[in-house]
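Listed below, chain by chain, are the residues.
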Amino acid sequence: MLETYDLIIVGAGSGGCATAKIASEKGLSVLLIDKRKKKDIGDKLTYDTIPAYAFREIDIPYPEGKELDMKMEKLKVLSPNKKHHFEAPLDAYLTHRLLLGQRLLKYALDAGADLLSEADVISPLVEDNFVVGVKCMLADGSEKELRSKVTCDASGIRAVVRNMLPKEIYNAEEIRPEDTVQCYREVRDLIGTCDYVPPSDYPGWYCILQNRGYFWIVPEGDGEVNVGCGLPMFADNPDPEDVTIDFINEHPQIFGEEVYGKGTGPTPFIPMRADQPELVANGLVLVGEAGWQIATNSGFGVPGSIVAGKLAAGVVAKAIETGDVSREKLWEYNVLWKKGQGAVRAFTDGIRLLVQGLDHDELNNLVKLKLLGPKEFSHLWRDQTFRYNIFEMVAKFFKGIGNIPLLLKIFRAFRTCVKIEKIYQDFPEDARDFDAWKKSKDKAYKKLSKIVK
Ligand SMILES: Cc1cc2nc3c(=O)[nH]c(=O)nc-3n(C[C@H](O)[C@H](O)[C@H](O)COP(=O)(O)OP(=O)(O)OC[C@H]3O[C@@H](n4cnc5c(N)ncnc54)[C@H](O)[C@@H]3O)c2cc1C
């Protein structure tokens, strides 16, 4: 190990490994730190769905062999009363999470990054208002300080570096409880099917909109099924574990008795909202869930963390070359993210707030009339925005004519989402203009929250 690294990355998840791979390829000395054992990095209960573009983003092959369970081609969206549904196309891979995690780690190590595993980062090192490394506790209980020019917090939802920084260095936005989704899932045999449960060869997701979140049923290899839900933590929302188990118990002819896996893996929580307004500070970048770079409708976080890691690594490499790793010099990462995927996620976050604000009757109508239908859901689940041409607007108007209040709510919310997207695309290149930008963003969100209430 070196005395000082160009870049220390806390967390060897998808975001940390992507950052390490690209930064090492650019010639930086990189140390990846993870509290897990090397062989466990990436491990999680069962499979994850990873949109195809995530692999193209860092030029790596799509999953194959044991890593690939199924190519995911469809998403079936069902209304809360399960009477209405539509199908949207998907382009994703159902991927063995541990094998993918180990593959991403191998790319990082092959590119030249060092790994310090079984090391729990316990605090950042701060000097003269700059983050200059981290202190961690090693497997034998001893503490070690590790120094770097730039530190990347890629430690997931707990954001262990970001959360321990004083306000003068990094001013984090607080997350509202209802913007965090709590998940629960079980893996069982799929022994039957019905209108709202997929047959075992269905290449995709069944997704029932309910409780301001969604319930999923996803067939996995060998006749098994991943069944569960992710529900935002509104105080009056039920516990996702209770909802899942009730559903399973009500369908003994569909789900086998044996439980092959349950829970979620390392955490049941997902920060389901648009990104942290600031993704950089002096000597610091945030990547992945540590920066809330998540898909706000599907809850997919791997693609956002990979895109972010690639962008962050490029900007960090340039900053280190100039010898200036200040917030201002790293600002370009904030700009690149906000104008690209950040703008997409802000738009889709608005749609998430719209859907969350609808009661079950409104959602039944939304699905029945396809007021948000295959086109919208297909875009949302691929991390893309959408627009309507005049013919689509007219068609929606006629479909929704019996539900004018709902139709108006959707159109007004959609227009505000487009505005929010534009605000993100106009993110300031100069860090000094950030406060004014944040004010206009917060104002647009306030307007949206009035519309969707
Ligand atoms: C139930 C559930 C299902 C999901 N399904 C999908 C899906 O199908 N598709 C998808 O794309 N996303 C899915 N997600 C979201 C996805 O798992 C995350 O968004 C994604 O893993 C975030 O990547 P990351 O690199 O930011 O963080 P993580 O993958 O969380 O990696 C963080 C790493 O940091 C390490 N770490 C944490 N604290 C410390 C510390 N103090 N010191 C050292 N190391 C530390 C951890 O060990 C971990 O390896 C799901 C999430 C949940 C909860």
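Draft legend 1. Broad picture of the site of the ligand. Taken together, 35 residues sit near the ligand, with Asp34, Lys44, Thr49, Val121 and Glu289 positioned nearest. Lys35 places a main-chain nitrogen or oxygen 3.1 Å from a nitrogen atom of the ligand. At 2.9 Å, a backbone N or O of Gly301 approaches a nitrogen atom of the ligand. For the ligand, whose accessible area on its own is 1,000 Å², the fraction buried by protein is 91%. Top element by residues in the shell around the ligand is strand β3 (residues 47-51). It accounts for three residues. Considering only residue class, the shell around the ligand consists of 13 nonpolar, 12 polar and 10 charged.

Draft legend 2. Region of interest: the state of the cysteines. Counted according to the given criterion, the structure contains zero disulfides. Of all cysteine sulfurs in the structure, the one in Cys17 sits closest to Cys152, which takes part in no disulfide; the separation is 11 Å. No disulfide involves Cys194; its sulfur sits 15 Å from the nearest other cysteine sulfur, which is in Cys207. Taking the relative accessible area as the measure of exposure, Cys194 reaches 27% and is therefore partly exposed.

Draft legend 3. The arrangement of the pattern of salt bridges in detail. Overall, the coordinates contain 34 salt bridges when judged by the stated rule. Put simply, Asp236 and Arg212 hold a salt bridge, and the shortest N to O gap is 2.6 Å. In this pair, Asp236 is assigned in the loop between β13 (224-232) and α4 (240-249) and Arg212 in the loop between β11 (204-210) and β12 (213-220), connecting sequence segments 24 residues apart. Given the relative accessible area of 60%, Asp236 is considered exposed.

Draft legend 4. Region of the structure containing the pairing of β11. Most of β11 is tucked away: seven of the seven residues are buried. Here strand β4 (residues 68-78) pairs with β11 via five bridges, running parallel. Note that in β11 the partner of Leu75 across the bridge is Trp205. As judged from the five bridges shared by β11 and β12, these two strands associate in the antiparallel manner. Residue pairing for β12: Leu209 is matched across the bridge by Tyr214.

Draft legend 5. Looking closely at the domain arrangement of the chain. Taken as a whole, the chain is organised into domain 1 (4-49 + 99-174 + 275-342), domain 2 (177-270) and domain 3 (346-452). Listed by partner, the interface residues are 18 residues for domain 1 and 20 residues for domain 3. Across the domain 1/domain 3 interface, buried area totals approximately 1,700 Å², and carbon plus sulfur atoms make up 56% of it. Taken as a group, Asn297, Trp331 and Lys339 account for 33% of the area that domain 1 buries against domain 3, more than any other trio of residues on that side. Summed over the shared surface of domain 1 and domain 3, the result is two salt bridges. Note that Glu429 and Lys339 form a salt bridge whose closest N and O atoms lie 3.7 Å from each other. Taken together, the connections running from domain 1 to domain 3 amount to eight residue pairs in polar contact (both at pLDDT 80 or more). Here the side of domain 1 that touches domain 3 takes eight residues from helix α6 (residues 327-356), the largest share from any one element.

Thresholds, definitions, all that
- Residues numbered from 1 in each chain as written.
- Predicted model: local features only at pLDDT ≥ 70, side-chain atom pairs only at ≥ 80, totals over all residues.
- Heavy atoms only, no water.
- Near = heavy atom within 4 Å.
- Polar contact = N/O pair within 3.5 Å; in protein donor to acceptor, adjacent residues only side chain to side chain.
- Areas by Shrake-Rupley, 256 points an atom, 1.4 Å probe, with all protein chains shown as cover.
- Helix = DSSP H or I, 4+ residues; strand = E, 2+ residues; numbered from the N terminus.
- Nonpolar A, V, L, I, M, F, W, Y, C, P; charged D, E, K, R; others polar.
- Disulfide = S-S within 2.5 Å.
- Buried < 20%, exposed > 50% of the residue type's maximum accessible area, 1.4 Å probe, protein only.
- Salt bridge = Lys/Arg side-chain N within 4 Å of Asp/Glu carboxyl O.
- Pairing = 2+ DSSP bridges.
- Domains from an automatic or database assignment.
- Contact = heavy atoms within 4.5 Å.
- Buried area = accessible area lost by both parts, 1.4 Å probe.

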